[in-house]
Amino acid sequence: QVQLVESGGGLVQAGGSLRLSCAASGHTFSRYNMAWFRQAPGKEREVVAVIGWAGTIYYANYVKGRFTISRDNARSTTYLQMNSLKPEDTAVYYCAADSSTLTTGPGAWEYWGPGTQVTVSA
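Predicted model only: the values in this text are computed from it and were never measured.

**Let's talk about unusual backbone geometry**
Now for step 1: Despite not being glycine, Ser-76 shows a phi value in the positive range, around 50°.
Now for step 2: Here Ser-76 lies in the loop between strand 7 (67-72) and strand 8 (77-82).
Now for step 3: Here the phi dihedral of Ser-84 falls at roughly 50°; this positive angle occurs in a residue that is not glycine.
Now for step 4: Relative to the assigned elements, Ser-84 resides in the loop between strand 8 and strand 9 (91-98).

**Describing the pattern of salt bridges**
Side chains that differ in charge, positive against negative, can pair when their charged atoms come close.
Now for step 1: For the coordinates displayed, the defined rule picks out four salt bridges.
Now for step 2: The partner of Glu-46 in a salt bridge is Arg-38, with the nearest N and O atoms 2.8 Å apart.
Now for step 3: Judged by its relative accessible area of 29%, Glu-46 falls in the partly exposed class.
Now for step 4: Taking relative accessible area as the criterion, Arg-38 reaches 7% and is therefore assigned buried.
Now for step 5: Asp-89 is the salt-bridge partner of Arg-38, the closest N and O atoms lying 2.9 Å from each other. Of this pair, Arg-38 sits in strand 4 (residues 33-39) while Asp-89 is found in the loop between strand 8 and strand 9, placing the two residues 51 residues apart along the sequence. We note that Arg-38, like Asp-89, is buried.
Now for step 6: Salt bridges linked by common partners bring Arg-38, Glu-46, Arg-66 and Asp-89 together as one network.

**Remarks on the packing of aromatic side chains**
Now for step 1: For the structure on display, the rule yields four aromatic pairs.
Now for step 2: Between Tyr-32 and Tyr-111 the ring centres are 6.4 Å apart and the planes differ by 50°, which places this aromatic pair in the tilted class. With a gap of 79 residues between them, Tyr-32 in the loop between strand 3 (18-25) and strand 4 and Tyr-111 in strand 10 (residues 111-112) connect regions that are remote in the sequence. We note that Tyr-32, like Tyr-111, is buried.
Now for step 3: Both rings, one in Phe-37 and one in Trp-112, keep their centres 5.0 Å apart while their planes meet at 55°; by these two values the pair is tilted. Of this pair, Phe-37 sits in strand 4 while Trp-112 sits in strand 10, and the two are 75 residues apart along the sequence.

Conventions we followed
Residues numbered from 1 in each chain as written. Predicted model: local features only at pLDDT ≥ 70, side-chain atom pairs only at ≥ 80, totals over all residues. Heavy atoms only, no water. Helix = DSSP H or I, 4+ residues; strand = E, 2+ residues; numbered from the N terminus. Salt bridge = Lys/Arg side-chain N within 4 Å of Asp/Glu carboxyl O. Buried < 20%, exposed > 50% of the residue type's maximum accessible area, 1.4 Å probe, protein only. Phe/Tyr/Trp six-rings, centres within 6.5 Å; stacked < 30°, edge-to-face > 60°.

Right, here's the structure in full:
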């Protein structure tokens, strides 16, 4: 059973930074693709960034240049460094894992964490 737990969310002013972490257990982390999604109130869940087990990285246009995804296989942890935060980045951020998919659609990802709230004030 794969378990994912996010941490690092909180309240920050516009222009500030946060670093999210996703600790994984119950699987061979180094062989799993990892992703960050987010969901704002009243909106659908959307991809933020994806990092494949082989190193492939994808960013959504709305975070490109501001957010950085990374992974530490020795610690079974995925990170999302978020800089230059905007009020529109406010959402619950979810970590996801899958052994095969690299797609940006949330429906294709098998394992999910419970999420961490990020609130950016103007």
